[in-house]
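What follows is the residue order along each chain.
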Amino acid sequence: MTFTGFLTYALALGIAAAIPGPGVIALVARALGSGFRPTLPMLFGLALGDVVYLAAAVLGLAYVASTFGTVFMAIKYLGAAYLVWMAISFWRAGVTTEKVAARSAGDALSGFLAGFMVTMGNPKVIVFYLALLPTFVDLSSVTPGDFAVLIVLTFAILVAVLTPYIGLAGRARHMLQSPKALKTLNRIAATFLAGAAAAIATRAT
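Residues numbered from 1 in each chain as written. Predicted model: local features only at pLDDT ≥ 70, side-chain atom pairs only at ≥ 80, totals over all residues. Heavy atoms only, no water.

Some points on the overall build of the protein chain
Working step 1: On a plain count of helices and strands, the protein chain comes out with ten helices and zero strands.
Working step 2: Reading the helices (α) and strands (β) of the protein chain from amino to carboxyl end gives α-α-α-α-α-α-α-α-α-α.
Working step 3: In the protein chain, once contacts between residues fewer than 6 apart in sequence are set aside, the share between residues at least 24 apart is 88%.
Working step 4: For the protein chain, the computed accessible surface area is about 9700 Å², with 75% contributed by carbon and sulfur atoms. (Helix = DSSP H or I, 4+ residues; strand = E, 2+ residues; numbered from the N terminus. Contact = heavy atoms within 4.5 Å. Areas by Shrake-Rupley, 256 points an atom, 1.4 Å probe, with all protein chains shown as cover.)

Take a look at the structure:
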């Protein structure tokens with residue numbers, strides 16, 4: 001691949017990632033309820049999901065989405081169900097600062113898996129990698145070295161584009177320190193998560 005090819009891909013991915021969708025909504029909701037650092041595993045899970053779709057497209061496995069549609073449907077609903085569970089957890093969180101932090105943070109692995117499942121069930125991501133990617137990248141000419149660069153570019157761009165979202169959401173959380181404000185914030189986060197789950201479950205793949 002040429003430098004122009006990598007640049008075109010990077011710009012297209014950056015624009016696609018910046019457009020709010022289920023993934024962005026889930027990240028913002030998690031950051032509102034848990035803060036910046038506890039949300040990073042979810043961000044990394046989202047990015048890994050993108051890398052999986054990138055690999056599928058580059059390796060010529062685009063037909064998987066249509067051949068194994070049931071698998072993708074199951075992943076989509078699992079991701080939506082996990083977001084619903086998170087929304088319920090946020091909504092029922094305690095009213096003190098300590099309880100809110102303890103209930104909403106969760107563990108790194110669950111956040112990572114949640115991010116991964118959200119990406120795997122997000123139609124926007126599926127369309128970008130399995131349908132639109134060939135319009136930006138000549139998949140027939142991608143070498144192993146090009147593939148490695150694409151993986152690094154994908155991960156780096158997603159982290160760079162999405163980190164400001166969770167940074168701003170995490171800062172908003174710290175600006176509201178009263179128990180009443182935190183409880184309200186948790187319920188706002190729960191609403192966003194439920195909205196993300198609904199977006200994933202109702203969109204066609």
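Regarding the confidence of the model for the protein chain
Working step 1: Here the protein chain shows a mean pLDDT of 74. Residues at 70 or above account for 66%.
Working step 2: Element-level mean pLDDT values for the protein chain span from 40 in helix α6 (residues 97–105) up to 88 in helix α3 (residues 36–58).
Working step 3: When the criterion is pLDDT under 50, residues 94–105 qualifies, and its contacts beyond four places in sequence or with other chains add up to 24 contacts. (pLDDT = per-residue confidence, 0-100.)

Quick word on the packing of aromatic side chains
Working step 1: All told, the structure shown has one aromatic pair when counted by the stated rule.
Working step 2: Seen from their ring centres, phenylalanine 44 and phenylalanine 155 are 6.0 Å apart, and the 20° between their planes marks the pair as stacked. Placement of phenylalanine 44 in helix α3 and of phenylalanine 155 in helix α9 (residues 144–175) is noted, with a sequence separation of 111 residues between them.
Working step 3: Judged by relative accessible area, phenylalanine 44 falls into the partly exposed class, the value being 33%. (Phe/Tyr/Trp six-rings, centres within 6.5 Å; stacked < 30°, edge-to-face > 60°. Buried < 20%, exposed > 50% of the residue type's maximum accessible area, 1.4 Å probe, protein only.)

Structural notes on a nonpolar patch on the surface
Working step 1: Together, Phe3, Leu7 and Leu11 make up an exposed nonpolar region whose accessible area comes to about 340 Å².
Working step 2: Its location among the elements puts phenylalanine 3 in helix α1 (residues 3–18). (Patch = residues over 30% accessible without salt bridge, like charges linked within 9 Å, V, L, I, M, F, W, Y side chains within 5 Å. Salt bridge = Lys/Arg side-chain N within 4 Å of Asp/Glu carboxyl O.)

Some details on the packing of helix α2 (residues 22–34) against α3
When two helices pack together, their arrangement is given by the angle between the helix axes and by the axis-to-axis distance.
Working step 1: Put simply, α2 and α3 touch, their axes get as near as 8 Å, and they point 165° apart. Looking at the two axes, α2 sits roughly antiparallel to α3. Remark: the crossing between α2 and α3 carries right-handed chirality. Here Gly23, Ala26, Leu27, Arg30, Ala31 and Ser34 of α2 come into contact with α3, specifically with Pro38, Thr39, Met42, Leu43 and Leu46.
Working step 2: Class assignment of the residues belonging to the contact of α2 with α3 gives a composition of seven nonpolar, three polar and one charged. (Axes fitted to C-alpha atoms, helices over the stretch in contact; angles between N-to-C directions. Parallel < 35°, antiparallel > 145°, perpendicular 65-115°, else oblique. Left-handed = near helix turned anticlockwise from the far one by under 90°. Nonpolar A, V, L, I, M, F, W, Y, C, P; charged D, E, K, R; others polar.)

Let's talk about empty space enclosed by the protein
Working step 1: Here the structure, examined in full by the defined rule, presents one cavity of 30 Å³ or more.
Working step 2: Roughly 190 Å³ of internal volume is contained in the largest cavity.
Working step 3: As for the largest cavity, its lining consists of 17 residues, and the residues nearest its centre are Ala17, Asp50, Lys124, Val125 and Leu158.
Working step 4: Take the lining of the largest cavity: its biggest share by element is four residues, from helix α8 (residues 123–136).
Working step 5: Taken together, the residues that form the lining of the largest cavity break down as eleven nonpolar, four polar and two charged. (1 Å grid on protein atoms, 1.4 Å probe; cavity = no way out; pocket = protein on both sides within 12 Å on 5 of 7 lines; lining within 4 Å. Points joined across faces, edges and corners; volume = space filled by probe spheres on them.)

Things to note about the side chain of threonine 119
Working step 1: Inspection of the secondary structure assignment puts threonine 119 in helix α7 (residues 108–120).
Working step 2: Threonine 119 gets classed as buried once you look at its relative accessible area, which sits at 2%.

Topic: the environment of glycine 115
Working step 1: Tracing the chain through its elements places glycine 115 in helix α7.
Working step 2: For the pair glycine 115 and glycine 49, spaced 66 residues apart in the sequence, the C-alpha separation amounts to 7.8 Å.
Working step 3: Residue contacts for glycine 115: discarding those within four places in its chain leaves Met42, Gly45 and Leu46.

Focus on the packing of α3 against α7
Working step 1: At a minimum axis distance of 6 Å, the contact between α3 and α7 shows a crossing angle of 40°. Crossing angle aside, the handedness with which α3 passes α7 is right-handed. Touching Pro41, Met42, Phe44, Gly45, Leu46, Leu48, Gly49, Asp50, Val52 and Tyr53 of α3 are Ala108, Gly111, Phe112, Ala114, Gly115, Phe116, Val118, Thr119 and Met120, all from α7.
Working step 2: Taken together, the residues that form the contact of α3 with α7 break down as 13 nonpolar, five polar and one charged.

Remarks on α1
Working step 1: The terminal C-alpha atoms of α1, which comprises 16 residues, lie 22 Å apart, in line with the 22 Å expected from a rise of 1.5 Å per residue.
Working step 2: For α1, the complete set of buried residues consists of Gly5, Phe6, Tyr9, Ala10, Ala12, Leu13, Gly14, Ala16 and Ala17. (Expected span 1.5 Å × (residues − 1).)

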